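If you want the building blocks of each chain, they are given just below.
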Amino acid sequence: VQLVESGGGLVQAGGSLRLSCAVSENIFRFNAMGWYRQAPGKQRELVATITSGGITNYADSVKGRFTISRDNTKNTVYLQMNSLKPEDTAVYYCNAQLVKWTNTYMYWGQGTQVTVSS
C-alpha cells in the first residue's frame, strides 16, 4: 500500500491549506483513514480520522478548524485546515488502518511539512 501526501507548505497564521493523500488501493477496504502530525521534539499525534462509513473524529486542538474528508472514487483523503496557528506547524502524515481478525495494520505516507508563521 502506498500513500502519497501533498499540499503542505508555508502559510501565515490565520491562513488555510488543504492536504491530500493519494492511496494506491481502494480506500474503502480500510476501516479508517487518518491524518497524524509530528512536531520537532514531540511524539506523533492524531489529528483526525474518518471511517469507511464516514464517521469523523478530531483532536480537541483542531476541532472547528480542520475537516477531514474522503473521495472513494479517487482513493484520496483530504484535510482542510483553516485558521492555522503556529502550533499547527509539523510534518503531517496520512494513515490507513486495516483490521483483520485480531490484528491491526497501519500504513503511512512519507509526510508533508506544514509551517505556520506568526
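Residues numbered from 1 in each chain as written. Predicted model: local features only at pLDDT ≥ 70, side-chain atom pairs only at ≥ 80, totals over all residues. Heavy atoms only, no water.

Novice: Sorry, what's going on with the nonpolar core here?
Specialist: Side chains that are nonpolar tend, in soluble globular proteins, to be buried together. The biggest cluster of nonpolar side chains holds 30 residues, and the ones touching the most others in it are Met33, Trp35, Leu79, Met81 and Tyr92. Contributing elements (two or more residues each) for this core: strand 3 (17-23), strand 4 (32-38), strand 5 (45-51), strand 7 (66-71), strand 8 (76-81), strand 9 (90-100) and strand 11 (112-117). In terms of residue count, the dominant contributor to this core is strand 9 (five residues). The contact partners of Met33, leaving out residues within four places of it in the chain, are Leu3, Val23, Ile27, Ala48, Thr49, Ile50, Ile68, Arg70, Val77, Cys94, Asn95 and Ala96. (Core = buried A, V, L, I, M, F, W, Y, C linked by side-chain atoms within 4.5 Å. Buried < 20%, exposed > 50% of the residue type's maximum accessible area, 1.4 Å probe, protein only. Helix = DSSP H or I, 4+ residues; strand = E, 2+ residues; numbered from the N terminus. Contact = heavy atoms within 4.5 Å.)

Novice: Teacher, can you tell me more about the pairing of strand 9 here?
Specialist: As a general feature of sheets, a regular strand has side chains that alternate between the two faces. Here strand 4 pairs with strand 9 via seven bridges, running antiparallel. The residue of strand 9 that forms the bridge with Ala32 is Gln97. Of the strand pairs in this sheet, strand 9 and strand 10 (residues 103-108) are connected by six bridges, and their pairing is antiparallel. The residue of strand 10 that forms the bridge with Gln97 is Met106. (Pairing = 2+ DSSP bridges.)

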